[in-house]
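Residue-level structural notes
Residue strings, one per chain:
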Amino acid sequence: MTAPERRHPADAAVAEAAAEAYTRIVAALIRIIGDWTLAEDCAQEALAQALSRWPESGVPDNPGGWLMTVARNRALDQLRRASVERRKLRELAVLALTAATGGPAQEEGEDVVDDRLRLIFTCCHPALAMEARVALTLRTICAVPTRDVARAFLVSESTMTRRLTRAKTKIADARIPYRVPRGPALAERLPGVLAVLYLLFTTGYDADGEPAFAAEAIRLARLLAGLVPGEGEPRALLALFLLQNSRRDARRDAAGELVPLDRQDRTRWDRAAIAEATGLLRDLRHTGPYVLQARIAACHATGDADWPAVARLYDRLAALQPNPVVELNRAVAHGYAYGPRAGLAVLAEARTGGALDGYPLALAAEADLTARAGDRARAAGLFREAAARTHSEAERRALLTRADEVV
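Cut-offs and rules
Residues numbered from 1 in each chain as written. Predicted model: local features only at pLDDT ≥ 70, side-chain atom pairs only at ≥ 80, totals over all residues. Heavy atoms only, no water. Helix = DSSP H or I, 4+ residues; strand = E, 2+ residues; numbered from the N terminus. Buried < 20%, exposed > 50% of the residue type's maximum accessible area, 1.4 Å probe, protein only. Phe/Tyr/Trp six-rings, centres within 6.5 Å; stacked < 30°, edge-to-face > 60°. Lys NZ or Arg CZ within 6 Å of the ring centre and 35° of its normal. Contact = heavy atoms within 4.5 Å. Expected span 1.5 Å × (residues − 1). Bend = angle between axes of the 7 residues up to and from the residue. pLDDT = per-residue confidence, 0-100. Lys, Arg positive; Asp, Glu negative; His and termini not counted. Salt bridge = Lys/Arg side-chain N within 4 Å of Asp/Glu carboxyl O. Axes fitted to C-alpha atoms, helices over the stretch in contact; angles between N-to-C directions. Parallel < 35°, antiparallel > 145°, perpendicular 65-115°, else oblique. Left-handed = near helix turned anticlockwise from the far one by under 90°. Nonpolar A, V, L, I, M, F, W, Y, C, P; charged D, E, K, R; others polar.

Thoughts on the overall build of the protein
On a plain count of helices and strands, the protein comes out with 19 helices and zero strands. Taken across its 407 residues, the protein has 46% of its residues classed as buried.

Take a look at the structure:
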């Protein structure tokens, strides 16, 4: 067996452990030592050691616990040299016990709250500019490489590195508390945290996304819903995640190709997740954006969609949260509820201002509506244009297949 072949299983194990444990490790270290950069460096060092050692020693039974222990030991070494106060050293030592189970550490006088939830609230502090909140969340919570975060904001990697450093420095200099707030501060920060969890779930649920991110978003949404049981939007967000994720196994066929919603094998949908989600929605009287999105998802998950009902829900969502993507989905719903030409008319309105120009999903939606309106040649061209613009290889193949089908 060659060296590359021998390393491959270990590389995969490190990647899987990183997706599951990296954010938990960074969050736990930040809580204790208060140094964002040192926490990330120690976590990265643990990953580097795993890549070096696991090919020879084998993958440990608890990869996440192994990584936590190595990162914790690295942090201990650094802090001992710096002669920090004993409290930090004592709390770091406790991580040796919690690493084995992944259980949360508890601060004196504080309820047990997951470190990752604390980290999300810290990233979403209103003292940070919105762009900084999103960038910091992508990098720290979603573990998106800095170069990819930079690409999303259309700046260079060095520029994004400086922005992230400034955000972390502001958190330290402003002594932004590393905790979940209470009372009015919790209500003020909640919308931003919900948006972050939505982002995290989407990162994992995208066609080429990492499933562990979606699972982590669901787990954190459960924690958040339990933290604020009287709030409807966290419950609705959890329901939305469950409904979307219930279709994960049916999204690809045996060859690994994407399967459109209307062609999926519904026997492969997770009925337990759908039942839990509909239960969460049953008693909700709120009409916030996540409630409306969850109810739309429920229309698709519980049987053949009632398209006029879906269109009405999108009308309400567009009035409450107007943005081009909502309008795009509203156009699709109107196209199925009232005919393709009605959908094309809504889509034309949504394109005013140019926000959807060149957007692959907008081109794909126009292609579908155009095909159903009878212009199959134009529809094929639109599907091919959408395929050329998407960054997902799986989506590209699916769009080219649709182009071949309509001609």
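Okay, back to it.
Some thoughts on the packing of aromatic side chains
Under the criterion given, the structure shown has five aromatic pairs. With a centroid separation of 5.4 Å and an interplanar angle of 15°, the aromatic rings of phenylalanine 201 and tyrosine 205 are classed as stacked. Taken together, the residues phenylalanine 201 and tyrosine 205, both in helix H9 (residues 184-205) and four residues apart, mark about one turn of the helix. For the pair phenylalanine 201 and tyrosine 205, a shared accessibility class is recorded, and that class is buried. Each ring, one from phenylalanine 201 and one from phenylalanine 241, has its centre 4.4 Å from the other, and the planes form 10°; the classification is stacked. Here phenylalanine 201 is found in helix H9, whereas its partner phenylalanine 241 is found in helix H11 (residues 232-245), with 40 residues between them in sequence. Here phenylalanine 201 falls in the buried class, since its relative accessible area comes to 4%. Judged by relative accessible area, phenylalanine 241 falls into the buried class, the value being 1%. These aromatic residues form a ring-pair network of at least three members: Phe201, Tyr205 and Phe241. The lysine or arginine in question, arginine 247, covers the ring of tryptophan 269, its NZ or CZ lying 6.0 Å from the ring centre. Above the face of the tyrosine 336 ring, arginine 372 is positioned so that its terminal group lies 4.1 Å from the ring centre.

So, the environment of isoleucine 25
Summarising the element assignment, isoleucine 25 is placed in helix H1 (residues 3-33). When the C-alpha atoms of isoleucine 25 and arginine 72 are compared, they prove to be 8.4 Å apart, with 47 residues separating the residues in sequence. Excluding residues within four positions of it along the chain, isoleucine 25 makes contact with Ala43, Gly64, Leu67, Met68 and Ala71.

Some thoughts on H9
Between its first and last C-alpha atoms H9 spans 32 Å; for 22 residues at 1.5 Å apiece the expected length is 32 Å, and the two agree. Along H9, the helix axis deviates most sharply at leucine 190, where the bend reaches about 40°; the proline proline 191 sits within four residues downstream. Of the residues making up H9, those classed as buried are Leu186, Arg189, Leu190, Val193, Leu194, Val196, Leu197, Leu200, Phe201, Gly204 and Tyr205. On the buried face of H9, the contacting elements are helix H5 (115-123), helix H6 (130-140), helix H10 (211-227), H11 and helix H13 (289-301).

So, unusual backbone geometry
One non-glycine residue, arginine 175, lies in positive phi territory at about 50°. If you trace the backbone, arginine 175 turns up in the loop between helix H8 (157-173) and H9. Look at arginine 175 and you get exposed, because its relative accessible area is 71%.

Structural notes on the confidence of the model for the protein
In this model, the protein carries a mean pLDDT of 84, and residues with pLDDT of at least 70 account for 89%. This stretch, residues 1-7, has a pLDDT under 50; its non-local contacts, to residues over four places away or in other chains, come to five contacts. Here residues 100-112 is modelled with pLDDT under 50, and outside its nearest four sequence neighbours on either side it reaches 14 contacts, counting other chains as well.

Overview of the side chain of arginine 133
In this fold, arginine 133 is placed in helix H6. Buried within the structure, arginine 133 lacks any salt-bridge partner; glutamate 188 is the closest side chain of opposite charge, at an N-O distance of 7.3 Å. Not counting chain neighbours up to four residues away, the residues in contact with arginine 133 comprise Cys123, Cys124, His125, Pro126 and Leu128.

Notes on the packing of H11 against H13
Helix packing for two helices is described by the angle between their axes and how far apart those axes are. At a minimum axis separation of 8 Å, H11 and H13 run at an interaxial angle of 30°. Considering the angle they form, H11 stands roughly parallel to H13. For H11 against H13, the interelement crossing comes out left-handed. Residue-level inspection shows Gly232, Glu233, Ala236, Leu237, Ala239, Leu240 and Leu243 of H11 in contact with H13, the latter providing Pro289, Tyr290, Val291, Gln293, Ala294, Ala297, Ala298 and Ala301.

Quick look at the packing of helix H18 (residues 376-389) against helix H19 (residues 393-406)
Where H18 contacts H19, the axes come no closer than 8 Å and their chain directions differ by 170°. Here H18 lies roughly antiparallel to H19, going by the angle between them. Contacts from Arg376, Ala379, Ala380, Phe383, Arg384, Ala386 and Ala387 in H18 reach Arg396, Leu399, Leu400, Arg402, Ala403, Asp404, Glu405 and Val406 in H19. Each residue belonging to the contact of H18 with H19 can be placed in one class, and the counts come to nine nonpolar, no polar and six charged.

Observations concerning the pattern of salt bridges
Any two side chains of opposite charge can pair, so long as their charged atoms come close to each other. Per the stated rule, a full pass over the model turns up 13 salt bridges. Among the ionic pairs, arginine 263 bridges to glutamate 405, the shortest N-O distance being 3.0 Å. Residue arginine 263 is found in the loop between H11 and helix H12 (271-282), and its partner glutamate 405 is found in helix H19; the two are separated by 142 residues along the sequence. Between glutamate 405 and arginine 402 there is a salt bridge, and its shortest N-O distance comes to 3.9 Å. Linking glutamate 405 with arginine 402, this pair stays in helix H19, spanning three residues, or about one helical turn. The class for arginine 402 is partly exposed, based on a relative accessible area of 22%. Residues joined by salt bridges that share partners form a network here, namely Glu257, Glu393, Arg396 and Arg397.

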